[in-house]
Amino acid sequence: CIAGRTIHIAYTNTLAVLAGSFWALLYAKPHVWHVREIIQKPKIVAVCFRWLARTLSTNVICNSKETLTWISGGNDKYKRNCMVWNGVDVPADIITDDQRAVAKEKIGFNAGYPLILMIGRVNAWKGQDLLMDAVDLMVEKKAEKFSLAIVGGPPPGRPEFIEELKVRVACSPAAEMIKLVEFTNDVTAYYTAADILVVPSKEPEPFGRVAIEAMAHRLPVVAANHGGLKEIVVHQETGLLFTPNDTKQLTSALVTLISSLSLRSQMGYAGQKRQTQFFS
């Protein structure tokens, strides 16, 4: 019992927490481990966490097929492992193009330019640096005018990531078109204002929640073609996938979408339909 209540099952919501598995082992209770990570480096750590999840759980739930493949090590014998995609609530109202224009002005962007949005932790692998390389290339190629919002802060105790990004933005020929938002309580305002979401992760995302959030807001998604993202984004239907870490392909995908309102609208509607069907 805990606080007078009988516990029948222990559920752990992330690989980063081990206490639930040991508690369940100690009290001989079933343990369900919900895995939301793909750990690649260091290799010994990846091997250890896979072993722990297999050994100290009755069942394992993974948030994508890619996570399931990683935790199973490609071995089909782990039948107690299963996959359940994440989901988000769909916004109550369909966002119109006029509403997007108003929302852009409210957060300080030119209503006449397509707004590219990136939301994510600022660290070594989320791909902010790759995105900045692509933006510089877009300016060099004289692409149509656009704006860029990069929303997110660094991990605790790692302020150097955001400081390096600030310097990188300041040195960019597109600096006047870019806004860094280190923290905001209202991410919805940015989804409402944006025309395109980009997820340029340099390492595989276990899932990619921001992609389905963007699809719920009728946004096309440009994403690296690995990890859970390739299960979410249907290439040339709900967005565009590019080869991971390929600046030229990322640039080409962004240029394609900022150049065509009709394509953005078409993919946005298809994405919202897919999100409602599979990721609600």
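Residues numbered from 1 in each chain as written. Predicted model: local features only at pLDDT ≥ 70, side-chain atom pairs only at ≥ 80, totals over all residues. Heavy atoms only, no water.

(A) Just the sheet that holds strand β2 (residues 31-35), in detail. Spatial ordering of the open sheet is given by β1-β2-β3-β4, a layout of four strands whose pairing is parallel. With partners counted over all chains shown, the strands left at the sheet margins are β1 (10-12) and β4 (81-83), one partner each. The sheet shows a mean angle of 20° between the axes of neighbouring strands, direction not considered. Across three bridges, the pairing between strand β3 (residues 59-62) and β4 is parallel. (Pairing = 2+ DSSP bridges. Helix = DSSP H or I, 4+ residues; strand = E, 2+ residues; numbered from the N terminus. Axes fitted to C-alpha atoms, helices over the stretch in contact; angles between N-to-C directions.)

(B) Layout of the nonpolar core. Formed by 32 residues in total, the largest nonpolar core has its most connected members in I116, L131, L148, V198, V222, L250 and L254. Here the element with the most residues in this core is helix α5 (residues 128-140); it accounts for six residues. Once residues lying within four places of it in the same chain are set aside, the contact partners of L148 are F109, L115, I116, L131, M132, V135, M177, I178 and K179. Judged by nonpolar contacts, the second largest core, of 31 residues, contains V181, Y190, V221 and A223. (Core = buried A, V, L, I, M, F, W, Y, C linked by side-chain atoms within 4.5 Å. Buried < 20%, exposed > 50% of the residue type's maximum accessible area, 1.4 Å probe, protein only. Contact = heavy atoms within 4.5 Å.)

(C) Up close: the packing of helix α10 (residues 247-258) against helix α11 (residues 261-278). Where α10 meets α11, the closest approach of the two axes is 6 Å, and the angle between their N-to-C directions is 100°. As judged from the angle between their axes, α10 and α11 are roughly perpendicular. Counted together, T256, L257 and I258 of α10 and L263, R264 and M267 of α11 form the full contact between these two elements. (Parallel < 35°, antiparallel > 145°, perpendicular 65-115°, else oblique.)

(D) Highlighting the packing of aromatic side chains. Per the stated rule, a full pass over the model turns up five aromatic pairs. Taking the centre distance of 6.2 Å and the plane angle of 85° together, the rings of W85 and F278 count as edge-to-face. Residue W85 is found in the loop between β4 and α4 (97-106), and its partner F278 is found in helix α11; the two are separated by 193 residues along the sequence. What makes W85 partly exposed here is its relative accessible area of 22%. Put simply, the rings of W85, F207, F278 and F279 touch in pairs and so form one group of aromatic residues. (Phe/Tyr/Trp six-rings, centres within 6.5 Å; stacked < 30°, edge-to-face > 60°.)

(E) Expanded view of unusual backbone geometry. Cis rather than trans, the peptide bond between K41 and P42 has omega equal to -10°. On the secondary structure map, P42 appears in the loop between β2 and α2 (43-55). If you check the backbone angles, A28 has positive phi at about 55° while not being a glycine. Along the chain, A28 turns up in the loop between α1 (19-26) and β2. Look at N245: it is not a glycine, yet its phi comes out positive at around 70°. As for its placement among the helices and strands, N245 is situated in the loop between β10 (239-242) and α10.

(F) Structural context of the side chain of R50. Among the structural elements, R50 can be located in helix α2. Summary of buried charges: R50 has no salt-bridge partner, and the nearest side chain of opposite charge, E66, is 11 Å away. Residues contacting R50, with those up to four places away along its chain left out, are W70, I71 and G73. (Lys, Arg positive; Asp, Glu negative; His and termini not counted. Salt bridge = Lys/Arg side-chain N within 4 Å of Asp/Glu carboxyl O.)

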